[in-house]
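Each chain, written out:
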Amino acid sequence: MSRPKTPDIAKMANTVPRFDEEDVDSFFFSFERIARNLEWEKKYWSMIVQQKLTGKAHSVVSALSDGEANDYDTVKEAVLLAYQLVPEAYRQKFRGYRRGSRQTYVEFQREKEIMFDRWVRSMKVDLTYENLREIVLMEEFKKSTPPDLRTYLEDRRVHDVKSAAVTADQYELTHKSQCTSRKLKNSSMNSQKYFQHVLSQGFEQVKQSVRERSLKVKFLLVTHSLER
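Student: What should I look at first to understand the overall build of the protein chain in this one?
Tutor: Within the protein chain, the secondary structure is distributed over 11 helices and 0 strands. Secondary structure elements of the protein chain occur, N-terminal to C-terminal, as α-α-α-α-α-α-α-α-α-α-α. In the protein chain, once contacts between residues fewer than 6 apart in sequence are set aside, the share between residues at least 24 apart is 50%. On the protein chain, roughly 17100 Å² of surface is accessible, and the fraction owed to carbon and sulfur atoms is 53%.

Here you go:
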């Protein structure tokens, strides 16, 4: 029984758009749309994509193990991470994008839509009401937290607001305990320093008093000697 014929990967790659380091996420979006429309088996996706990768993306994938390099999702995640194209980066781009002086409002609106779609796509969620509701609530929740806690939540990839609230409370409780411990330690050290300072000052005052009395006695003895 003959083995199934391996498809022509190079030929398939020719139908995929050029890889652009300035627009990495659009490359993957276009590739996946073409792959689905042409009904390519996903086990070949990684090999096809690697035919197109250049620059930093090529270096990153070259550093993966054979098993990782053969898995499309792993390759895609590694490349996006290399270009810092993670959900938080997309969110910041979407929120921070402002209309240029030479840009029409229609062009600005179109760019905003593209950035929003990239942000949502990067979170790998279906565009349902519940998911969009969770995204909005999560963003509003993080906006109300201090920078260190926001970073903590992002590092742990907490994506639902209920888990974020529980994690935030745990973080605050832990750091309050550590902060109290540091304050007590600092207070104890300051008290010791103050006590040592007082003792030192008192000792200096005693020495000064002794020196003054010694000089006064010497003066009286000399005066008494002269009078005799």
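Right, picking up where we left off after that structure.
Student: Just checking my understanding: could you explain the packing of helix α9 (residues 129-143) against helix α10 (residues 147-155) for this structure?
Tutor: Any two packed helices are characterised by how steeply their axes cross, that is the angle between the axes, and by the distance between the axes. Viewed as axis vectors pointing N to C, α9 and α10 meet at an angle of 145 degrees, and their least axial separation amounts to 9 Å. Judged by residue contacts, Phe 141, Lys 142 and Lys 143 of α9 engage Arg 150, Leu 153 and Glu 154 from α10. Within the contact of α9 with α10, the residues separate by chemical class into 2 nonpolar, no polar and 4 charged.

Student: It is not clear to me how the nonpolar core should be interpreted in this structure. Could you clarify?
Tutor: Note that soluble globular proteins tend to have their nonpolar side chains buried in a common cluster. Core analysis: the biggest nonpolar cluster contains 32 residues, and Phe 31, Ile 48, Leu 53 and Val 79 have the highest contact counts within it. Elements with a contribution of two residues or more to this core: α1 (9-13), α2 (24-37), α3 (45-50), α4 (55-62), α6 (72-82), α7 (87-96) and α8 (105-122). Ranked by residue count, the leading element in this core is α2, at 5 residues. Excluding residues within four positions of it along the chain, Phe 31 makes contact with Val 16, Trp 40, Trp 45, Ile 48, Val 49 and Tyr 72. Counting residues in hydrophobic clusters, the runner-up holds 8 residues, among them Met 138, Leu 153, Val 158 and Val 161.

Student: Please explain the pattern of salt bridges as it appears in this structure.
Tutor: Here the idea is simple: oppositely charged side chains can pair when their charged atoms come close. Overall, the coordinates contain 11 salt bridges when judged by the stated rule. Note that Arg 118 and Asp 25 form a salt bridge whose closest N and O atoms lie 3.2 Å from each other. One end of the pair, Arg 118, is in helix α8; the other, Asp 25, is in helix α2, and 93 residues separate them in sequence. For the residue pair Arg 118 and Asp 25, the accessibility class agrees, reading buried in each case. For Glu 139, the salt bridge goes to Arg 91, with nearest N and O atoms at 3.2 Å. With Glu 139 in helix α9 and Arg 91 in helix α7, the pair connects residues that are 48 residues apart, well separated along the chain. Looking at Glu 139, the relative accessible area reads 4%, which means it is buried. Using a relative accessible area of 15% as the deciding quantity, one classes Arg 91 as buried. What emerges from the salt-bridge pattern is a single network uniting Glu 88, Arg 91, Arg 95, Glu 139, Lys 142 and Glu 154.

Student: How do you make sense of the packing of aromatic side chains when you look at a structure like this?
Tutor: Within a pair of aromatic rings, the relevant descriptors are the distance that separates the centres and the angle that separates the planes. The tally for this structure, following the rule as stated, stands at 13 aromatic pairs. Feature note: the residues Phe 19, Phe 27, Phe 28, Phe 31, Trp 40, Trp 45, Tyr 72 and Tyr 83 constitute an aromatic cluster, connected by ring pairs. Above the plane of the ring of Tyr 105 lies Arg 99, whose end atom (NZ or CZ) is 3.8 Å from the centre.

Student: Can you walk me through the layout of surface pockets in this structure?
Tutor: If a probe the size of a water molecule is rolled over the atoms, the empty space left behind becomes visible. In this structure, the largest pocket occupies an estimated 1200 Å³ of space. Leu 85, Val 86, Pro 87, Ser 122 and Met 123 are the residues nearest the centre of the largest pocket, which is lined by 43 residues in total. At the level of elements, α2, α6, α7, α8, α9 and α10 are the ones that each hand at least two residues to the lining of the largest pocket. Per-class residue counts for the lining of the largest pocket are 20 nonpolar, 4 polar and 19 charged. Lining the second largest pocket, in full, are Glu 21, Glu 22, Asp 23, Val 24, Asp 25, Tyr 83, Leu 85, Tyr 90, Lys 93, Phe 94, Met 115 and Arg 118. Of all elements in the fold, only α2, α7 and α8 reach the threshold of two or more residues within the lining of the second largest pocket. For the lining of the second largest pocket, the leading source of residues is α7, giving 3 residues.

Student: Any chance you could explain the side chain of Thr 145 here in plain terms?
Tutor: One can find Thr 145 in the loop between α9 and α10. A polar side-chain atom of Thr 145 sits 2.7 Å from the main-chain carbonyl oxygen of Lys 142.

Student: Any chance you could explain the environment of Arg 150 here in plain terms?
Tutor: Inspection of the secondary structure puts Arg 150 in helix α10. In this structure the C-alpha to C-alpha distance between Arg 150 and Ala 164, which are 14 residues apart in sequence, comes to 9.6 Å. Residue contacts for Arg 150: discarding those within four places in its chain leaves Lys 142, Lys 143 and Thr 145.

What counts and what doesn't
- Residue numbering note: each chain is counted from 1, following its sequence as written.
- In keeping with the predicted nature of the model, local features appear solely for residues at pLDDT of at least 70, side-chain atom pairs appear and are counted solely at 80 or more, and the whole-chain, interface and lining totals rest on all residues.
- To get the side-chain values, all heavy atoms of the structure are used, and hydrogens and water are removed first.
- A run of DSSP states H or I qualifies as a helix once it reaches four residues; a run of E qualifies as a strand once it reaches two. Both are numbered from the N-terminal end.
- Throughout, a residue-residue contact means that at least one pair of heavy atoms, one from each residue, lies within 4.5 Å.
- All accessibility values rest on the Shrake-Rupley procedure with a 1.4 Å probe; residue burial counts only the protein chains present in the view.
- Angles here are taken between N-to-C directions and fall from 0 to 180 degrees, while the axes themselves are lines fitted to C-alpha atoms, restricted in helices to the stretch in contact.
- Charged residues are taken to be Asp, Glu, Lys and Arg, nonpolar residues to be Ala, Val, Leu, Ile, Met, Phe, Trp, Tyr, Cys and Pro, and polar residues to be all remaining types, Gly included.
- Joining through side-chain atoms within 4.5 Å is the link that ties buried Ala, Val, Leu, Ile, Met, Phe, Trp, Tyr and Cys residues into a set, and such a set is a nonpolar core.
- With a 1.4 Å probe rolled over the protein chains alone, any residue whose accessible area is under 20% of its type maximum counts as buried; one over 50% counts as exposed, and the rest are partly exposed.
- Salt-bridge detection follows one rule: a side-chain nitrogen of Lys or Arg within 4 Å of a carboxyl oxygen of Asp or Glu.
- Any pair of Phe, Tyr and Trp rings, taking the six-membered ring for Trp, is counted once the centres come within 6.5 Å. Such a pair is stacked with planes under 30 degrees apart, edge-to-face with planes over 60 apart, and tilted for the rest.
- Look at NZ for Lys and CZ for Arg. If either is within 6 Å of the ring centre and within 35 degrees of the ring normal, a charge sits over the ring.
- For cavity detection a 1 Å grid was placed over the protein atoms alone, and a set of points counts as a cavity when a 1.4 Å probe fits there but cannot get out; an open set counts as a pocket when protein lies on both sides within 12 Å along at least five of seven lines, with lining residues being those that have an atom within 4 Å of a point.
- Grid points are joined across faces, edges and corners, and a volume is the space filled by probe spheres set on the points.
- What qualifies as a polar contact is a pair of N or O atoms within 3.5 Å, subject to a donor-acceptor requirement within protein and to the restriction that residues adjacent in sequence count only when both atoms come from side chains.

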